[in-house]
Amino acid sequence: MGRDRIRLLETLVLSGPNYWSNRPSIWMRIDLDGFEERPTNTIPGFYDRLLKVLPTLQEHYCSEGAPGGFLARVREGTWIGHVAEHVAIEIQNRIGIPVSFGRTRATKKRGVYNLVYEMEEERVGIKAGKLALDVVEACADDSVSALEFDERMDELKRMREKYSLGPSTKAIVDAAVGRGIPFSRANEKSFVLLGTGARQRRIQATIASTTSFLGVEIAGDKDLTKRLLGEAGIPVPKGYIVEDEEDAVAVAQKLGWPVVVKPLDASHGRGVLTNIRTEQELRLAYRDARKHREEIIVERFLDGFDFRFVVINGKFICAAQRVPAHVVGDGKRSIQELVEETNKDPRRGIGHEKVLTKIALDDLSLTYLARRGLGPDSVPAAGETVYVKTTANLSTGGISRDVTDSVHPSNISMMERIAKIVGLDIAGVDVVSPTVEKPIADVNGGIVEVNAAPGFRMHTHPAEGTPRDVAGAVIDMLFPPGATSRIPIVSVTGTNGKTTTTRLVAHIARMAGHQVGLTTTDGVYVGSEMIMKGDCTGPASAQAVLRDPTSTFAALETARGGMLRFGLGYDFANVGVVTNIAPDHLGLRDIDTLDELAKLKALVPERVFPDGYAVLNAEDSFTPWMSSRTKARLALFSLDPSQELFRAHVAGGGLGATMDRHDMLCLYRSTLRIPIVHARQVPITYDGKARFNIANALAASLAAFAAGLELEAIKMGLTTFHPSPFQTPGRLNLYEFRNFRVILDYCHNAHGMQTVGPFLSSMKKARLIGVLNAPGDRRNEDYVEMAQAAAPHFDHIILRDDEDLRGRQPGEVAGLLREAFLQQGLKVEQIEMARNESDAVRHALQLAGRDDLIAIFADRISKVAAQIDFERQKEQKGEHPGS
């Protein structure tokens, strides 16, 4: 059905901790049209129709704090957006995704709401949200009959089955998460990264990055596996690879009936048929097996029960008896009816949806029944067990019984030997034997297969017996006790100084010997190589660093845009830095006030480990509030050692960094003062004049120290970090021409100009010429504040447009800035307009006289840097720059 009255305006996937929640969530901006004026109690029949579609909403608490609380709100009257939130959550619960968080908030635009709800898999989550909107509209418009709700729920189940992790992979991931090990999916299937950077391990289903390729190859060749085991004295059934159907018949006659037919390399019981007693059955089995592989094995059938043993890292972990899909007669109902009744078991679902799989009577089932003179309509006697599958795989409807505690010691020893013979660190050994309580060889049992990627579901969720933590054994192997799964993460946010601070932290870490993964506004780096170019301060860039197996340390610039649109790219950092909070980007995506901006940026210190550090600016008014929101330890930096909050913090033994009255940068730990270097020894401070870079140096030093880097590395890092285009592109880069100098910087807001302006004024110069603009998505009052901050320092201003106008008209922002500069007292002749950034830079260089200083506040840093280099080359050839 089409949705007419509820419009979905935008959808975002918040894959990490975010502004709304610490859980992966879907964010939707919805327009409720006429519904925003109509609470649910004013819509006739809404409550009853909603309850009919989703009766399980009765279990939702909502703010009432008890089951039924949400429906009480619906009955009394709540908003449609709030209902959609709960429906989206319940739809996911109905298909086996256990989510619970949701939040709906009105925006400043009438009828438009932000709807946020928890999700597990993004495609399923988005589709569930869209269905929720349809449900709510259908209940309001009395059009539930056109909703096709059950069919769409089945489609969602199939989608979940397609994209969700399989039960074995999920068991390993859950075990990892339970031990604080982060994970990320590397594809749509079962390839998962556990841990970060150089500490990571990888799994695909139950094959690990430690698993031998040769072992997998051997296990995949059933004939070779049997030969190796047989030569080692392990009991295996005799069998041969057959050339064709006629050869299969000949081999079966040679071995003697009954026999087993199976592909040389297949899984989940595909193409396997057992207990074949006639030539006709053999030919049918051979043809079916050929659908899965070309090479087929015919081997002697062993009489007994089907058992699966699991060996991990050379140690026996557990064993289960696998029972083929079956029904038990009652003397009244047919096999088909009994299968349908069995499938009603709430533990059974589609594929891996639940702990057991529904039974399907397929062609092989019908053939197997026909061998015993039965069919779907046959009525078994009361108490009679009728097997409908020849193999005991859970994926075809079988069940499992845990038998770990009853396995004979000699069998345990044999299984551990088998895993080593094949060469697997995660092995599933299939056994057919009358019992495992006695040595297998003594009861005419045998090993029929060794699996390189054994399923865990039969062990983690047996139908009978004790569940076994087989996934935990995998994690113990990948991350032995004492091993770490994470590389250190330092995450830096704030209004200004983020890039410089992050780059300086990365530089210090390199001095300490780390292979650093770095994300910044100009790109992503691993070591000295840029692996991505562009504004890379969001979660995707962070993930690129954390997934790189060579990274041993992560320094992440974390900007508000990425946090707001997608969340963080990690779960927890070791150090979270907030340089400062000042007006910028206000009015974007419902962040309209400084308090709201602070709440967003507080996400960085909030997501620091309790034994990590939140590094905050003691001089920032939001620091006391932010420090109350983090569970991490607190570290403060301040340019002023007498600042009240800083002084009290270090006096109490807290970690801190400041510049003393002799301009020495110092650390404080447990009240102990630790000198680092003099401010003038730090190149980015321009002989101590760039106080904002002294603050950045203090923040970086404190973050590096909090991250465990040695003091010598910090000293070396500070004294070798230059404001060059290579080390800090677009951050106070100084270019020397013959008669004048150029400073290239990224300053783009009033707060930044309030610090950069006085520094530029302090530099020796004849005139100060500025090239600037401001981003088009800022408020008009932000341009006025920018001009107020800049006007006292500049003798001449050249205004230009950004390449990306961000919704403004050409010349609009430059015009607003021009008016603001005129209001601040600049004369008309002091202000010029240029069409674009390149023209503005060229004109500034043309204007430059002896000893002038040109400050270029660039939008496209690399492009302008290349232009400046080109103009310097022209000067060396005798041409005038800018000509």
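Definitions and limits used
Residues numbered from 1 in each chain as written. Predicted model: local features only at pLDDT ≥ 70, side-chain atom pairs only at ≥ 80, totals over all residues. Heavy atoms only, no water. 1 Å grid on protein atoms, 1.4 Å probe; cavity = no way out; pocket = protein on both sides within 12 Å on 5 of 7 lines; lining within 4 Å. Points joined across faces, edges and corners; volume = space filled by probe spheres on them. Helix = DSSP H or I, 4+ residues; strand = E, 2+ residues; numbered from the N terminus. Phe/Tyr/Trp six-rings, centres within 6.5 Å; stacked < 30°, edge-to-face > 60°. Buried < 20%, exposed > 50% of the residue type's maximum accessible area, 1.4 Å probe, protein only. Lys NZ or Arg CZ within 6 Å of the ring centre and 35° of its normal. Pairing = 2+ DSSP bridges. Expected span 1.5 Å × (residues − 1). Contact = heavy atoms within 4.5 Å. Salt bridge = Lys/Arg side-chain N within 4 Å of Asp/Glu carboxyl O. Axes fitted to C-alpha atoms, helices over the stretch in contact; angles between N-to-C directions.

Chemist: In this structure, what is going on with empty space enclosed by the protein? I would like to understand it.
Modeler: To find the voids left in a structure, one rolls a probe of water-molecule size over its atoms. One pass over the full model with this rule turns up four cavities of 30 Å³ or more. By volume, the largest cavity amounts to about 90 Å³. In terms of lining, the largest cavity is formed by Pro-583, Asp-584, His-748, Asn-749, Ala-750, Ala-774, Arg-778, Asp-782, Tyr-783, Glu-785 and Met-786. The element best represented in the lining of the largest cavity is helix α26 (residues 780-790), accounting for four residues.

Chemist: Looking at this structure, I do not really get the packing of aromatic side chains. What am I missing?
Modeler: Both the distance between ring centres and the angle between the ring planes are used here to describe each pair of aromatic rings. Counted under the stated rule, the structure contains eight aromatic pairs. For the pair Tyr-19 and Trp-20, a centre-to-centre distance of 5.6 Å together with 85 degrees between the ring planes defines the contact as edge-to-face. For Tyr-19, a relative accessible area of 16% gives the class buried. The buried category is assigned to Trp-20, whose relative accessible area is 15%. Ring geometry for Phe-572 and Phe-609: centres 5.2 Å apart, planes at 25 degrees, overall stacked. Pair noted here: Phe-572 is in the loop between α18 (560-566) and β27 (573-578) and Phe-609 is in strand β28 (residues 608-617), with a separation of 37 residues, a long-range link. Within the aromatic cluster, the residues linked to one another by ring pairs are Tyr-686, Phe-692 and Phe-759. Positioned above the aromatic ring of Phe-572, the side-chain terminus of Arg-607 is 4.0 Å from the ring centre.

Chemist: Even after reading the chapter, I still don't get the pairing of strand β12 (residues 296-300), so can you show me in this structure?
Modeler: Regular strands have side chains that alternate between both faces of the sheet. Across the five residues that make up β12, a large majority, four, are buried. Two strands pair when backbone bridges link them, and strand β9 (residues 239-242) and β12 are joined in this way by four bridges, in the antiparallel orientation. The partner of Gly-239 across the bridge, within β12, is Glu-299. As paired strands, strand β10 (residues 259-263) and β12 are joined by five bridges and run antiparallel to one another. The partner of Pro-263 across the bridge, within β12, is Ile-296.

Chemist: Help me understand helix α29 (residues 861-876) in this model?
Modeler: Because an α-helix packs 3.6 residues into every turn, residues spaced three or four apart end up facing the same way. In a regular helix each residue adds 1.5 Å, so 16 residues correspond to 22 Å; α29 covers 23 Å between its end C-alpha atoms and thus fits that length. Within α29, burial applies to Ile-861, Val-864, Ala-865, Gln-867, Ile-868, Glu-871, Lys-874 and Glu-875. As for α29, its buried residues are in contact with β33 (733-736), β34 (741-745), α28 (837-847) and β38 (853-857). Gly-878, located one to two residues past α29, shows a positive phi value of around 95 degrees.

Chemist: Help me understand helix α10 (residues 279-290) in this model?
Modeler: Helix length check: α10 (12 residues) gives 16 Å between terminal C-alpha atoms against 16 Å at 1.5 Å per residue, within 8%. Elements in contact with the buried residues of α10: β9, α9 (245-255), β10, β11 (273-276), β12 and α12 (363-371).

Chemist: Got a minute to help me understand the pattern of salt bridges in this structure?
Modeler: Note on pairing: side chains with opposite charge can pair once their charged atoms come close. Considering all chains together, one arrives at 48 salt bridges under this definition. Linking Glu-341 and Lys-344 is a salt bridge whose minimum nitrogen-to-oxygen distance equals 3.6 Å. You can call Lys-344 exposed: its relative accessible area is 61%. For the salt bridge of Arg-347 with Asp-345, the shortest nitrogen-to-oxygen distance reads 3.0 Å. Taken together, the shared-partner salt bridges in this structure form one network comprising Glu-245, Glu-246, Glu-279, Arg-283 and Arg-287.

Chemist: Would you mind going over the sheet that holds strand β6 (residues 191-194) with me for this structure?
Modeler: One key point about sheets: their strands pair by backbone hydrogen bonds, in either a parallel or an antiparallel sense. Strand order in the open sheet formed by four strands is β5-β6-β7-β8, with antiparallel pairing between adjacent strands. Of all strands in the sheet, those bounded by a partner on one side alone are β5 (183-185) and β8 (207-208). Strands in contact with helix α6 (residues 167-178) are β5, β6 and β7 (201-204); relative to β6, the strand with the most contacts, it is inclined by about 15 degrees.

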